[in-house]
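# Fold and geometry: a report
Residue strings, one per chain:
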Amino acid sequence: QSISGGSSIHYQLYLFPGERLTTYTYNVGLSRGSRIASVDTRGYLYDSNNNDVAYNNGGGGTFSITYDVVTEGAHRLRVRNTGSSGYYDVAFEVTY
């Protein structure tokens, strides 16, 4: 995913109580395949009522969030880049 410096990208996931969401960024860099950490991602997770339920600035340009879902509905992940423009990948894993 490409991202400009200072911008955010939002992802929506429909989740159910009892699920565990793990989400994280990886392969951050200036260009595809680059490991130069010009991109600095931070993760913000919001529940179906738009309450901020998790945040992480893991360091090294990436973040990782693990969250046990309490309420059913559309949850939103905001990936914010506080670095320069570049690329990142994001992963979502849901377990029961």
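That block above? That's the structure.
Reference entry: report on the structure contained in this document. All values reported here derive from a predicted model rather than from experimental measurement. (Residues numbered from 1 in each chain as written. Predicted model: local features only at pLDDT ≥ 70, side-chain atom pairs only at ≥ 80, totals over all residues. Heavy atoms only, no water.)

## Quick word on the overall build of the chain
Scanning the chain from terminus to terminus reveals 0 helices and 8 strands. Each helix and strand of the chain, ordered N terminal to C terminal, gives the series β-β-β-β-β-β-β-β. Its C-alpha radius of gyration of 13 Å places the chain within 12% of the 12 Å reference for a compact globule of 96 residues. Here the C-alpha coordinates of the chain stretch approximately 40 × 20 × 20 Å along the principal axes. Within the structure as shown, the chain displays about 5,000 Å² of accessible surface, and the carbon and sulfur contribution to it stands at 45%. Separation between the mean location of the 7 positive side-chain charges and that of the 8 negative ones in the chain comes to 11 Å. (Helix = DSSP H or I, 4+ residues; strand = E, 2+ residues; numbered from the N terminus. Rg over C-alpha atoms; globule rule 2.2 N^0.38 Å. Areas by Shrake-Rupley, 256 points an atom, 1.4 Å probe, with all protein chains shown as cover. Lys, Arg positive; Asp, Glu negative; His and termini not counted. Charge placed at Lys NZ, Arg CZ, Asp CG, Glu CD.)

## What to know about the packing of aromatic side chains
Going through the model one piece at a time under the given rule, you end up with 4 aromatic pairs. Above the ring of Tyr46, the side-chain terminus of Arg76 is found at 4.2 Å from the ring centroid. A cation over a ring is seen here: Arg78 above Tyr44, with NZ or CZ 4.7 Å from the ring centre. (Phe/Tyr/Trp six-rings, centres within 6.5 Å; stacked < 30°, edge-to-face > 60°. Lys NZ or Arg CZ within 6 Å of the ring centre and 35° of its normal.)

Everything listed here is a matter of coordinates, which is why it stays silent on function.
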